[in-house]
Amino acid sequence: MGEKRDGDKIELTFPARTDYIGVARLMVSGVANRLGFSYEDIEDIKLAVAEACTNAVRHAYQEEHIGQVLIQCLVRQDCLEIIVADQGSSFDLEGMKAKLGPIDKHRDIADLTEGGLGLYLIHSLMDKVEISENQGVVVAMTKYVVRDGEAKGVDEITSNRNQ
Amino acid sequence: MNITMQTIAIQNGTKLLVAGEVDAHTAPQLSDQLVPLVQRPANQSVVVDLAEVSYLDSTGLGVFVGALKLSQQTGCRLSIQNVTPRIERLFRITGLIDIIPVTPRAESVAGQQDQASLQKRFDVVSADPKEEP
């Protein structure tokens, strides 16, 4: 008797300050847990959302004005779609994309930068990631619900658990 | 959502014990503790112990990259120990494991602590009475 969840939307808006990123992690881990994601997947989702929030807070609002960061979780039949959006304007998206990637041990350590690691982790941990820039940056990411090695619908899993 | 840190003297150096969550909010505190340690001339070795760290993201990894750069200027040896499988995975995905020595947490201890933190997590997020056995 799983309730129909497809299309459910859960949102959080918070001031672009680092001390709220932990609250964002709690919010998405609560939603993901509700949908039957595994412990590992919940940790992946938490980390990806925190990375997107960190980018929003760090790069989007470098001036005095503290903007807002929006997190929107959209429940789908077989996946969770999460959007992290800000209204900043000083984000060097192309520059970040160019730096995106793991650390190359053959490069000189003095040349290493931490920039790009966060976006690289988002791409590594989520199933689908789209980053766009319009009025601010929007990171849209998707994680599929997997159980016993295959993707199943969110409603189906919920009903299995409640039997 | 905070971190606490403690330093203890070890042979030829210092060990930094970290507990809590390392994210964009707390990473500057980690940096403030770690950077002076790798710059201290008496320290030939600095060991960061992450046994009690339940969460760490790219901001924490960035602190280690910064400290590693400084340690190579001063000749200090930086290493990280007692990482959870979860955090070890991040070092592996990002390739950092190839440039900083990382030692995983002992199996038995990790199992118990993961169980405890898992329990805590579900105490927080699972308020639905339907799911109680």
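What you see as residue numbers is a count from 1 along each chain, following the sequence as written. Starting at A for chains and at 1 for ligands, labels are handed out in the order in which the entities are written. Local features are withheld for residues below a pLDDT of 70 in this predicted model, meaning they are given only at 70 or higher, and side-chain atom pairs are given and counted only at 80 or more; totals for whole chains, interfaces and linings count all residues. Side-chain numbers here rest on the full set of heavy atoms in the structure, without hydrogens or water.

Trainee: I would appreciate a short explanation of the overall build of chain A in the present structure.
Mentor: The helix and strand tally for chain A stands at five helices and seven strands. Helix and strand definitions follow DSSP, with helices as H or I runs of at least four residues and strands as E runs of at least two, each counted in order from the N terminus. Put simply, chain A runs from its N terminus to its C terminus through helices and strands in the order β-α-α-β-β-α-α-β-β-β-β-α. Counting across all 163 residues of chain A, residues that qualify as buried make up 51%. If you sum the accessible surface of chain A, you get close to 7,700 Å²; carbon and sulfur atoms cover 45% of it. When a residue's accessible area, from a 1.4 Å probe over protein chains only, is under 20% of the maximum for its type it is buried; when over 50% it is exposed; and in between it is partly exposed. We get accessible surface area from the Shrake-Rupley algorithm with a probe of 1.4 Å; when it comes to residues, only the shown protein chains can shield them.

Trainee: I keep staring at the confidence of the model for chain A and nothing clicks. Help me out?
Mentor: Note that predicted coordinates carrying low pLDDT should not be read in detail. Looking at chain A as a whole, its pLDDT mean stands at 82, while 71% of the residues score no less than 70. Segment residues 155-163 of chain A is flagged for pLDDT under 50; beyond a separation of four residues in sequence, or across chains, it makes 24 contacts in the model. Every residue is assigned a pLDDT by the predictor, reflecting its confidence on a scale from 0 to 100. By the convention used here, residues are in contact when the closest approach between their heavy atoms is within 4.5 Å.

Trainee: How should I be thinking about helix H1 (residues 27-39) of chain B in this particular structure?
Mentor: Because each turn of an α-helix spans 3.6 residues, side chains separated by three or four positions end up pointing in the same direction. Residues and elements named next belong to chain B. Expected helix span is given by 1.5 Å per residue-to-residue step, counting one fewer step than there are residues. The first and last C-alpha atoms of H1 sit 18 Å apart over 13 residues, in line with the 18 Å expected at 1.5 Å per residue. Taken as a whole, H1 has its buried residues at Ala27, Leu30, Leu34, Leu37 and Val38. In a view along the axis of H1, the buried residues occupy a sector of 100°, so they form one face of it. Structurally, H1 contributes buried residues whose contacts are with strand E1 (3-10), strand E2 (13-22), strand E3 (45-56), helix H2 (58-74) and strand E4 (77-83). Of all possible arcs, the one meant is that of the directions from the helix axis to the C-beta atoms.

Trainee: How should the sheet that holds strand E2 (residues 68-75) of chain A be read in this particular structure?
Mentor: Within a sheet, each strand pairs with its neighbour through backbone hydrogen bonds, oriented either parallel or antiparallel. Residues and elements named next belong to chain A. Only when DSSP finds a minimum of two bridges between them are two strands counted as paired. The sheet built from five strands is open, its strands ordered E1-E2-E3-E5-E4 with antiparallel pairing. Each end of this open sheet is capped by a strand with a single partner; those strands are strand E1 (9-15) and strand E4 (128-134). Within this sheet the neighbouring strands show an average axis-to-axis angle of 15°, counted without direction. Summarising the sheet, E2 and strand E3 (residues 79-86) pair through seven bridges and their orientation is antiparallel. If you follow Leu70 over to E3, its bridge partner there is Ala85. Axes here mean lines fitted to C-alpha atoms, for a helix over just the part in contact, with angles spanning 0 to 180 degrees between N-to-C directions. Strand contacts of helix H1 (residues 21-34): E1, E2 and E3, with the helix running at about 175° to E1, the strand carrying the most contacts.

Trainee: Is there a simple way to explain the side chain of Thr94 of chain B in this structure?
Mentor: Residue placement: Thr94 of chain B occurs in helix H3 (residues 85-94). Here Thr94 of chain B falls in the buried class, since its relative accessible area comes to 0%. Looking at Thr94 of chain B, its side chain comes within polar contact range of the main-chain oxygen of Leu90 of chain B, at 2.8 Å. Look past the residues within four positions of Thr94 of chain B in its chain and what remains in contact with it is Pro102, Ile103, Leu117, Tyr120 and Leu121 of chain A together with Leu61 of chain B. A 3.5 Å cut-off defines polar contacts: any pair of N or O atoms within that distance qualifies, except that in protein one atom must be a possible hydrogen donor and the other a possible acceptor, and neighbouring residues in sequence count only when both atoms are side-chain atoms.

Trainee: Can you walk me through the state of the cysteines in this structure?
Mentor: Disulfides are covalent bonds that connect the sulfur atoms of two cysteines. All names here are of chain A. When the sulfur atoms of two cysteines come within 2.5 Å, that pair is taken as a disulfide. Considering all chains together, one arrives at zero disulfides over all chains under this definition. Here Cys73 stays free of any disulfide, with the sulfur of Cys53 as its closest cysteine sulfur at 10 Å. Overall, Cys73 belongs to the buried group, its relative accessible area being 0%. Cys79 forms no disulfide, and the closest cysteine sulfur to it belongs to Cys73, at a distance of 12 Å. Given a relative accessible area of 4%, Cys79 falls into the buried group.

Trainee: Which parts of the structure should I look at to understand the environment of Gln11 of chain B?
Mentor: Tracing the chain through its elements places Gln11 of chain B in the loop between E1 and E2. Residue class for Gln11 of chain B comes out exposed when judged on its relative accessible area of 71%.

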